[in-house]
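# Structure at a glance
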Amino acid sequence: MSAVPPPRTDADASAAPEAPDGRGGRRSVAVALLLGALGATVVLLASGRVWARGTAAVGGGSLPLTADGRAVTGLPAALAIVGLAALVAVFAVRGRSRLLVSGLLALSGLGAALAAVLAADDRQALDAQAARTTADTAAQVGALSHTAWPYVTAAGATLILVAGLLALWFGSGWPAMGGRYERDGSPRTRKPAAVDPDRPEDLWKALDRGEDPTR
């Protein structure tokens, strides 16, 4: 007669959802990496675009002037690089260090977004260009207009911020670089090498390894 399987207990039912949690942890790693890398790329590219346009009065005419994001403020691009470094460092540390690096990742995204939005209507970069062009320190840019690139930069920085928040929330369960893991978290056991009792050299090698060749 075949054995009847025992009924499932409450403990078995509560242990069942562990696999989806693991998949959710892997998904959060992938999403954080994607958002962080994409956000930093957007910030760096958008910072190099024209943020403001204007004209400077020269003689009897006007000279068109432009200023890219890095001329207006270099803070978003610098913080994007910090965010990329923090994104990589999240997987190189554990414990409280990981928490601190995750916070740095989130703060770099927040700072880059705020810097981009605050500089969206800046005119100082073009005023400085107008002063240099006209050799008049009191010169100001005319017909000033701004593009949407500062807000694209802020959107990319927001992705870095979200990656940092994901790291803060889920990072404690993420793997670290160079670690060796088992699915159940137990250490890997080393299988002893086979010993041929008819070969004395195998017996000596087993003794050197601290194994009992008689077992």
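Remember, predicted model here, so these are calculated numbers, not experimental data.

### Here we look at helix α7 (residues 149-170)
Taking 1.5 Å of rise per residue, the 22 residues of α7 would be expected to cover 32 Å, and the 32 Å separating its terminal C-alpha atoms lies within 8% of that figure. Among all positions in α7, only Pro-150, Thr-153, Ala-154, Gly-156, Ala-157, Ile-160, Ala-163, Gly-164, Leu-166 and Ala-167 are buried.

### Some details on the sheet that holds strand β2 (residues 61-68)
The strand order across the open sheet built from three strands is β2-β1-β3, with neighbouring strands paired in antiparallel fashion. Unpaired on one side and paired on the other, β2 and β3 (142-146) mark the two borders of the sheet. Here the strands of the sheet are splayed against their neighbours by 15° on average, with no regard to which way each runs. When strand β1 (residues 50-58) meets β3, the two strands line up antiparallel, connected through three bridges. Residue pairing for β3: Thr-55 is matched across the bridge by Gly-142.

### Topic: the nonpolar core
Core analysis: the largest hydrophobic core is formed by 34 residues, its most contacted members being Leu-65, Val-72, Leu-105, Leu-126, Ile-160 and Trp-174. Of all the secondary-structure elements, those providing two or more residues to this core are α2 (18-47), β1, β2, α4 (75-89), α5 (95-118), α6 (124-134) and α7. The greatest single-element share of this core, amounting to six residues, is contributed by α7. Leaving out residues up to four positions away in the same chain, Leu-105 has contacts with Gly-83, Ala-86, Leu-87, Ile-160, Ala-163 and Gly-164.

### Comments concerning the environment of Val-42
Position of Val-42 relative to the elements: it lies in helix α2. Distance in space between the C-alpha atoms of Val-42 and Val-152 is 7.6 Å, their sequence separation being 110 residues. Not counting the four nearest positions on each side in its chain, Val-42 is found in contact with Val-152 and Gly-156.

### Side note on the pairing of β1
In this sheet, β2 lies alongside β1 in antiparallel orientation, the contact comprising eight bridges. Its bridge partner lying in β2, Arg-53 is registered against Thr-66. Taking the residues between adjacent antiparallel strands as the criterion, β1 and β2 are bridged by two residues, where Gly-59 takes a positive phi near 60°.

Definitions and limits used
- Residues numbered from 1 in each chain as written.
- Predicted model: local features only at pLDDT ≥ 70, side-chain atom pairs only at ≥ 80, totals over all residues.
- Heavy atoms only, no water.
- Helix = DSSP H or I, 4+ residues; strand = E, 2+ residues; numbered from the N terminus.
- Expected span 1.5 Å × (residues − 1).
- Buried < 20%, exposed > 50% of the residue type's maximum accessible area, 1.4 Å probe, protein only.
- Pairing = 2+ DSSP bridges.
- Axes fitted to C-alpha atoms, helices over the stretch in contact; angles between N-to-C directions.
- Core = buried A, V, L, I, M, F, W, Y, C linked by side-chain atoms within 4.5 Å.
- Contact = heavy atoms within 4.5 Å.

That's the geometry; what it means functionally is another story.
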